[in-house]
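# Structural characterization, general
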Amino acid sequence: MLTLCGFAASNYYNLVKLALLEKAVPFEERLVWLEDVDRSASPLGKVPYLLTPQGAVSESVPMLEYIEAIHPQPALLPADAYAAAKVRELVRHMELHLELVARTLYPQALFGGRVSDEVQQTAARLLKKNVPAFAQLADFSRPFLVGDALSWADCAAIVHLPLISSATRAIYGQDALAELQAQDYLARMAQRPHVQALNAQRKHNAEQLLARYSAGR
């Protein structure tokens, strides 16, 4: 049995959880806040991490790779080498060049804190460059981002893009991803039963996280 450790307010936790759900992989969840992370399982103290019969795996993409290897069907990574590379490319762009940039805004956008003008300006400058680059790679007019079935790229888009949109609207008064025209695509994805369940748990857990943050924990 696999055990996914972390908390459901985390988009990276939800990325791995969605893959597990869509592949119908048996797993358990263990609520672990950042201060309770087992450093022998996640050396940088990050969530999520995955407990397997062989040991722990940290970082979301290696977790996806492990899950795909032990439960290859239904596939969330195309068999075709080029299509698989395009999936990995999209995930990489979303995480490194969009989400990690927007993440610098989260303390203010999501938790009522304050980030400096310099942080806001740096994020705005990077997103102005990175969003059009990503738009060249992602075609949201198709049912799925790569091929004719759900892939890691879709799982990443489902959990990362709405959060980036919310954060940039809160800070700048406009959605940095508006030019992607991804709203119809995300609305379709939001109708998937596993995505609906994921979002319900995320909302509940986000309220818990905000309460902990407000209490100074």
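Right above here is the structure, for reference.
This write-up is about the structure you can find in this document. (Residues numbered from 1 in each chain as written. Predicted model: local features only at pLDDT ≥ 70, side-chain atom pairs only at ≥ 80, totals over all residues. Heavy atoms only, no water.)

### Focus: the pairing of strand β4 (residues 55-58)
- Pairing of strand β3 (residues 49-52) with β4, which is carried by 4 bridges, proceeds in the antiparallel orientation. Across the sheet, residue Y49 finds its bridge partner in β4, namely S58.
- Hairpin geometry of β3 and β4 is characterised by an intervening segment of 2 residues between the two adjacent antiparallel strands. (Pairing = 2+ DSSP bridges. Helix = DSSP H or I, 4+ residues; strand = E, 2+ residues; numbered from the N terminus.)

### Considerations on the packing of helix α5 (residues 117-135) against helix α6 (residues 152-172)
- One way to put it is that α5 packs onto α6 with a least axis distance of 12 Å and a crossing angle of 125°. On the basis of their axis angle, the class for α5 and α6 is oblique. As for the relative orientation of α5 and α6, their crossing is left-handed in sense. Of α6, the residues touching α5 (which contributes Q120, A123, A124 and L127) are T168, I171 and Y172.
- Looking at the contact of α5 with α6 residue by residue, the classes come out as 5 nonpolar, 2 polar and no charged. (Axes fitted to C-alpha atoms, helices over the stretch in contact; angles between N-to-C directions. Parallel < 35°, antiparallel > 145°, perpendicular 65-115°, else oblique. Left-handed = near helix turned anticlockwise from the far one by under 90°. Contact = heavy atoms within 4.5 Å. Nonpolar A, V, L, I, M, F, W, Y, C, P; charged D, E, K, R; others polar.)

### What about the packing of aromatic side chains?
- Taken as a whole and judged by the stated rule, the model has 3 aromatic pairs.
- Members of the aromatic cluster, joined through ring pairs, are F134, F140 and Y185. (Phe/Tyr/Trp six-rings, centres within 6.5 Å; stacked < 30°, edge-to-face > 60°.)

### Description of the sheet that holds β3
- Pairing within the open sheet is mixed, and its 4 strands lie in the order β2-β1-β3-β4. Every other strand in the sheet has two partners, leaving β2 (27-31) and β4 as the edge strands with one partner each. The mean angle between the axes of side-by-side strands here comes to 25°, regardless of whether they run parallel or antiparallel.

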